[in-house]
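Residue strings, one per chain:
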Amino acid sequence: MSVSHQLHARLIESFPTDVNVPQPAPDFSGPGSGALRKLSGQVLGFSITAAVVFVILAAALIIAGAMSASRKFLIMGFTALGCAVLGVIIALNSANLVNWGSGFGLFN
């Protein structure tokens, strides 16, 4: 075994394997928390629906761009796909964003 392989094996062994990173839980305990939870659920449902529509639109634009060799349609398609993915990521983390905002006193 070479020196680099031995060093790599030692580095791997030195890192802990039972790391537990706690995930922030939604803190819906303040006044108006029921309405905030309901709004968060509705935003999540709407964003998932909008993301499906955006993915279908993006696929159509990408196909149209590939068939017509139009770079404009390809760019529009990939932009729509990126917006759909980013929107879903933001919507799935809406509870964490509410907790982050409440740390600044925005919802009090």
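Shown above is the structure to which this text applies.
Because the structure is predicted, anything quoted here is derived from the model rather than measured.

1. Let's talk about the side chain of Ser 47
Step number 1: If you trace the backbone, Ser 47 turns up in helix α2 (residues 33–68).
Step number 2: Polar side-chain contacts of Ser 47 include one of 2.9 Å to the backbone oxygen of Leu 44.
Step number 3: Leaving out residues up to four positions away in the same chain, Ser 47 has contacts with Val 88 and Ala 91.

2. What about a nonpolar patch on the surface?
Step number 1: Together, Val 55, Phe 78, Leu 81, Val 85 and Ile 89 line one region of the surface with nonpolar side chains, adding up to about 420 Å² of accessible area.
Step number 2: Ranked by residue count, the leading element in the nonpolar patch is helix α3 (residues 71–92), at four residues.
Step number 3: Here Val 55 shows up in helix α2.
Step number 4: Residue classification places Val 55 among the partly exposed residues on the basis of a relative accessible area of 39%.

Here is what the cut-offs are and how they apply
- Residues numbered from 1 in each chain as written.
- Predicted model: local features only at pLDDT ≥ 70, side-chain atom pairs only at ≥ 80, totals over all residues.
- Heavy atoms only, no water.
- Helix = DSSP H or I, 4+ residues; strand = E, 2+ residues; numbered from the N terminus.
- Polar contact = N/O pair within 3.5 Å; in protein donor to acceptor, adjacent residues only side chain to side chain.
- Contact = heavy atoms within 4.5 Å.
- Patch = residues over 30% accessible without salt bridge, like charges linked within 9 Å, V, L, I, M, F, W, Y side chains within 5 Å.
- Areas by Shrake-Rupley, 256 points an atom, 1.4 Å probe, with all protein chains shown as cover.
- Salt bridge = Lys/Arg side-chain N within 4 Å of Asp/Glu carboxyl O.
- Buried < 20%, exposed > 50% of the residue type's maximum accessible area, 1.4 Å probe, protein only.

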